[in-house]
Amino acid sequence: MKKPSSERYSLPVIHNCAAGIDIGSRFHVVAVPADITKEPVQTFKAFTADLERMADWLVELGITTVAMESTGVYWIPVYGNRPGNTPPQFRLVAAWCPPVFGGH
């Protein structure tokens, strides 16, 4: 049997100023490129004030594209809470993943 390789694999960077958000019912986990901030992964609660703080943080970092993953309707407040000072090129890409049911 072949031994697992310790080599690091990487994907090509398509958008340098992109972030990903894992949307949850009570909190959202946001990841940005590691080279632009000391703490590239942040957790924000799902309340309006927290969503505003999250949006301000992304704009402050120069993020222009955000990909969101959500298994329900919890992405709607995030998508609808785009800040007024957001640059025109700021894009939110909503991604929906259908639930996976296990069965016998």
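Keep in mind that what you see is a predicted model, and the values were worked out from it rather than measured.

Residue alternation in strand β2 (residues 27-31) divides its side chains into a buried set, His 28 and Val 30, and an unburied set, Phe 27, Val 29 and Ala 31. Inspection of the sheet shows strand β1 (residues 18-23) paired to β2 by four bridges, in the antiparallel sense. The residue of β2 that forms the bridge with Asp 22 is Val 29. Counting the residues between successive antiparallel strands, the hairpin from β1 to β2 contains three residues. Strand direction decides the pairing type here: β2 and strand β3 (residues 41-45), joined by five bridges, are antiparallel. Across the sheet, the residue bridging to Val 29 is Thr 43, located in β3.

This part is about the side chain of His 28. Within the secondary structure layout, His 28 lies in strand β2. A relative accessible area of 2% places His 28 in the buried class. In terms of polar contacts, His 28 uses its side chain to reach the backbone amide nitrogen of Gly 24, at 3.2 Å. Contact partners of His 28, with chain neighbours within four places excluded, come to Ile 21, Asp 22, Ile 23, Gln 42, Thr 43, Phe 44, Lys 45, Ala 46, Leu 51, Met 54, Tyr 74 and Val 78.

Next up on the list: the confidence of the model for the protein chain. Across the protein chain, pLDDT averages 77, with 68% of residues at or above 70. pLDDT under 50 marks residues 96-104. Its contacts with residues more than four places away, or in other chains, come to six contacts.

Attention now moves to the pattern of salt bridges. Under the counting rule described, the total for this entry stands at one salt bridge. The salt bridge partner of Arg 53 is Asp 50, with a shortest N-O separation of 3.4 Å. Here the residue Arg 53 and the residue Asp 50 both occupy positions in helix α1 (residues 48-60), the gap between them amounting to three residues, near one helical turn. For Arg 53, a relative accessible area of 44% translates into the label partly exposed.

Summarising the element assignment, Glu 52 is placed in helix α1. You can call Glu 52 partly exposed: its relative accessible area is 41%. Each C-alpha atom, one on Glu 52 and one on Val 78, is 9.0 Å from the other, the two residues being 26 residues apart in sequence.

To continue, consider α1. Across its 13 residues, α1 extends 18 Å between first and last C-alpha, which sits within 8% of the 18 Å expected from 1.5 Å per residue. Among the residues making up α1, those that are buried are Asp 50, Leu 51, Met 54, Ala 55, Trp 57 and Leu 58. Viewed end-on, α1 has its buried residues packed into an arc of 160°, placing them on one side of the element. Structural note: α1 exposes Thr 48, Ala 49 and Glu 60 on the side pointing more than 90 degrees away from its buried face. In the core, the buried residues of α1 are packed alongside β1, β2, β3, β4 (65-70) and α2 (75-80). The first or second residue beyond α1 is Gly 62, which carries a positive phi of 85°.

Criteria and thresholds
Residues numbered from 1 in each chain as written. Predicted model: local features only at pLDDT ≥ 70, side-chain atom pairs only at ≥ 80, totals over all residues. Heavy atoms only, no water. Buried < 20%, exposed > 50% of the residue type's maximum accessible area, 1.4 Å probe, protein only. Helix = DSSP H or I, 4+ residues; strand = E, 2+ residues; numbered from the N terminus. Pairing = 2+ DSSP bridges. Polar contact = N/O pair within 3.5 Å; in protein donor to acceptor, adjacent residues only side chain to side chain. Contact = heavy atoms within 4.5 Å. pLDDT = per-residue confidence, 0-100. Salt bridge = Lys/Arg side-chain N within 4 Å of Asp/Glu carboxyl O. Expected span 1.5 Å × (residues − 1). Arc of directions from axis to C-beta.

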